[in-house]
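Now for the letters of each chain:
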Amino acid sequence: MDIIKAREYFPHLKKGITYLNHAATGPFSKPVLDVMDEYFRARSEDNIDDYPAFVKTIEETKELLTVYFNCDPQRLAFADNTTNGLNMLAQGFDWKEKDEIILNDIEFPANVYPFLNLERKGVKIVFVKSRNGIVTAEDIIEKITSKTKLISVSMVQFLSGYRIDLEKLGKVCRERNIFLCVDAIQGLGALSLDTKKCNIDFVSCGTQKWMLGLQGLSFIYISEELQQKLTPAFVGWLGVNDAWNLLDYNLSLKDSAERFQPGSLNSAGIYALNASLKLFKEFGLKEIEEKVISNSQFLIDNLKEINLNPLLFEIEKKFLSGIVSFKHADANSILEGLKEKNIMIAVREGIVRISPHFYNTGDDFEKLIDSLKILI
Ligand SMILES: Cc1ncc(COP(=O)(O)O)c(C=O)c1O
């Protein structure tokens, strides 16, 4: 990977900012800035209503996304955030009283409330207890009963960075006729996901973190099998066949996942995502994943050397992601101390979370470790 070229694409680096906080919000790259500038100028100055160009970009963006999922573009739809993607699933399924959904006690709340909201329909939410800050596929599998209808997990756990074994989980889900839903926001953009190999039925992912896109845009993947079991809670004019036959009012939903896109989409978000996906393609998805994992491995080893104990330590590579974190009694002063040195990280639930992307290098980590040595 041409890392010098990659770094050229990120303007904040020229300002001396060491940004290691992609698990919170990703920075806009130069290609994203350029495409948005072009789009906003056109919307303001000349080509104001170029809907065909937008439709083309939507299609191209879905095509670019299929590589992440190993799926057909027809299985993808855009939404406004991860939460509402999950709400589409939660509100669309024909739940029966005493059906069970398995979650866990360290999920980001985006992947909890849409399902907790089903308790009023008599659905039972089972929370698997984490151990040492993580939840494994085995922990979840143990909680499956004959009533389990759905398991919803994060691809990467937002506090520890643990990348759950989706292949193992998906295999059991398939054998037991359980739908598997994945909140992929902490993975995609940095890591790949094969919905077929992992038997995943539903994915929801916002674009503001590792995808380096905008808040207010997300996408879902839905398997054909699961789609057949869902009745969209919200329907609208862009989700029906022959949408531009405006006064026909024929509620015949599209066969594709676009039936879940009821109205106009977030155009700026889609232009930005399109530019990000092309940037990722330029550097190679496999190469990006390898770089993200080797960054994390490097960080884990170096944190350990200064006696900070990463939550993920001595763990197989396949469980690593872009997030490395450690517990510290003075987490907030570490955050502030690093900020003073223009090093951006995050603290969540008293845990110091470091989340570099593929363009971060050893120099960034050296700066971080040197500063941490002074602060701890
Ligand atoms: C695992 C996870 N899911 C979802 C979100 C965000 O959800 P939404 O896109 O609905 O704001 C976050 C962080 O903000 C997260 O860490």
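Relevant structure appears above.
Residues numbered from 1 in each chain as written. Predicted model: local features only at pLDDT ≥ 70, side-chain atom pairs only at ≥ 80, totals over all residues. Heavy atoms only, no water.

1. Things to note about the site of the ligand
Piece 1. The ligand sits among Asn81, Thr82, Thr83, Phe108, Ala110, Ser154, Phe158, Asp183, Ile185, Gln186, Gln208 and Lys209.
Piece 2. In this structure, an oxygen atom belonging to the ligand sits 2.9 Å away from a side-chain N or O atom of Gln186.
Piece 3. At 3.5 Å, a side-chain N or O of Gln208 approaches an oxygen atom of the ligand.
Piece 4. When the free accessible area of the ligand is taken as 400 Å², the share hidden by the protein chains comes to 86%. (Near = heavy atom within 4 Å. Polar contact = N/O pair within 3.5 Å; in protein donor to acceptor, adjacent residues only side chain to side chain. Areas by Shrake-Rupley, 256 points an atom, 1.4 Å probe, with all protein chains shown as cover.)

2. Considering the pairing of strand S3 (residues 100-104)
Piece 1. With five of five residues buried, S3 is to be regarded as a mostly interior element.
Piece 2. Burial along S3 is two-sided: the face carrying Glu100, Ile102 and Asn104 and the face carrying Ile101 and Leu103 are both buried.
Piece 3. Looking at chain direction, S3 and strand S4 (residues 124-128) are connected through five bridges and run parallel. Across the sheet, residue Asn104 finds its bridge partner in S4, namely Val128.
Piece 4. As judged from the three bridges shared by S3 and strand S5 (residues 148-154), these two strands associate in the parallel manner. Along S5, the bridge assignment pairs Ile101 with Leu150. (Buried < 20%, exposed > 50% of the residue type's maximum accessible area, 1.4 Å probe, protein only. Helix = DSSP H or I, 4+ residues; strand = E, 2+ residues; numbered from the N terminus. Pairing = 2+ DSSP bridges.)

3. Remarks on the environment of Ser325
Piece 1. Position of Ser325 among the secondary structure elements: in strand S9 (residues 324-327).
Piece 2. Linking Ser325 and Leu166, residues 159 residues apart in sequence, is a C-alpha distance of 21 Å.
Piece 3. In this structure the side chain of Ser325 is engaged in a polar contact, spanning 2.5 Å, whose partner is the backbone oxygen of Leu159.

4. Side note on unusual backbone geometry
Piece 1. Look at Asn70: it is not a glycine, yet its phi comes out positive at around 55°.
Piece 2. Phi angles above zero are rare outside glycine, and Asn307 is one such case at about 65°.
Piece 3. By the element assignment, Asn307 lies in the loop between helix H11 (285-305) and S9.

5. Details of the side chain of Lys62
Piece 1. Inspection of the secondary structure puts Lys62 in helix H4 (residues 51-69).
Piece 2. Residue classification places Lys62 among the buried residues on the basis of a relative accessible area of 4%.
Piece 3. Among residues more than four places away in sequence, those in contact with Lys62 are Pro73, Leu76, Ala77, Phe78, Glu258 and Gln261. (Contact = heavy atoms within 4.5 Å.)

6. Details of the layout of surface pockets
Piece 1. A volume near 880 Å³ is recorded for the largest pocket.
Piece 2. Along its surface, the largest pocket is lined by 36 residues, and Tyr51, Phe54, Val55, Lys56 and Ile58 are the ones closest to its centre.
Piece 3. Elements with a minimum of two residues in the lining of the largest pocket: helix H3 (30-45), H4 and helix H10 (267-283).
Piece 4. A breakdown of the residues in the lining of the largest pocket according to their chemical character gives 15 nonpolar, nine polar and twelve charged.
Piece 5. Each pocket or cavity is described by its volume, and for the second largest pocket that value is around 330 Å³. (1 Å grid on protein atoms, 1.4 Å probe; cavity = no way out; pocket = protein on both sides within 12 Å on 5 of 7 lines; lining within 4 Å. Points joined across faces, edges and corners; volume = space filled by probe spheres on them. Nonpolar A, V, L, I, M, F, W, Y, C, P; charged D, E, K, R; others polar.)

7. Digging into empty space enclosed by the protein
Piece 1. According to the stated counting rule, one finds one cavity of 30 Å³ or more in the structure shown.
Piece 2. Lining of the largest cavity is provided by Tyr68, Gly189, Ala190, Leu191, Ser192, Leu285, Ile288 and Glu289.
Piece 3. Considering every element that reaches the lining of the largest cavity, the biggest residue donor is H11, with three residues.
Piece 4. Both domain 1 (3-20 + 284-375) and domain 2 (41-280) contribute no fewer than three residues apiece to the lining of the largest cavity. (Domains from an automatic or database assignment.)

8. Thoughts on the sheet that holds strand S11 (residues 346-348)
Piece 1. Taking strand neighbours across the sheet as the criterion, the three strands line up as S9-S12-S11 in an open arrangement whose pairing is antiparallel. Each edge of the sheet is formed by a strand with only one pairing partner; in this case those strands are S9 and S11. Mean inter-strand twist for the sheet, computed between neighbouring axes without regard to direction, equals 30°.
Piece 2. Pairing geometry for S11 and strand S12 (residues 351-354), over three bridges, is antiparallel. Its bridge partner lying in S12, Arg348 is registered against Ile351.
Piece 3. Across the sheet, H11 touches S9 and S12, and the angle it forms with S9 is around 25°. (Axes fitted to C-alpha atoms, helices over the stretch in contact; angles between N-to-C directions.)

9. Side note on the pairing of strand S7 (residues 202-206)
Piece 1. Here S7 lies mainly inside the structure; five of its five residues are buried.
Piece 2. Bridge count between strand S6 (residues 179-183) and S7: three bridges; the pairing is parallel. Paired with Val182 across the two strands is Val203, which belongs to S7.
Piece 3. Relative to strand S8 (residues 218-222), S7 runs antiparallel, the two being bridged by five bridges. Paired with Ser204 across the bridge in S8 is Ile220.

10. A word on the packing of aromatic side chains
Piece 1. Applying the stated rule across the entire model yields 19 aromatic pairs.
Piece 2. With a centroid separation of 6.4 Å and an interplanar angle of 80°, the aromatic rings of Phe280 and Phe358 are classed as edge-to-face. Highlighted residues: Phe280 in helix H10 and Phe358 in the loop between S12 and helix H13 (362-375), separated in sequence by 78 residues.
Piece 3. Each residue in the set Tyr39, Phe40, Tyr51, Phe54, Trp237, Trp244 and Tyr271 is aromatic and connected to the rest through ring pairs, giving one cluster. (Phe/Tyr/Trp six-rings, centres within 6.5 Å; stacked < 30°, edge-to-face > 60°.)

Treat this as a map of the structure, not an account of what it does.
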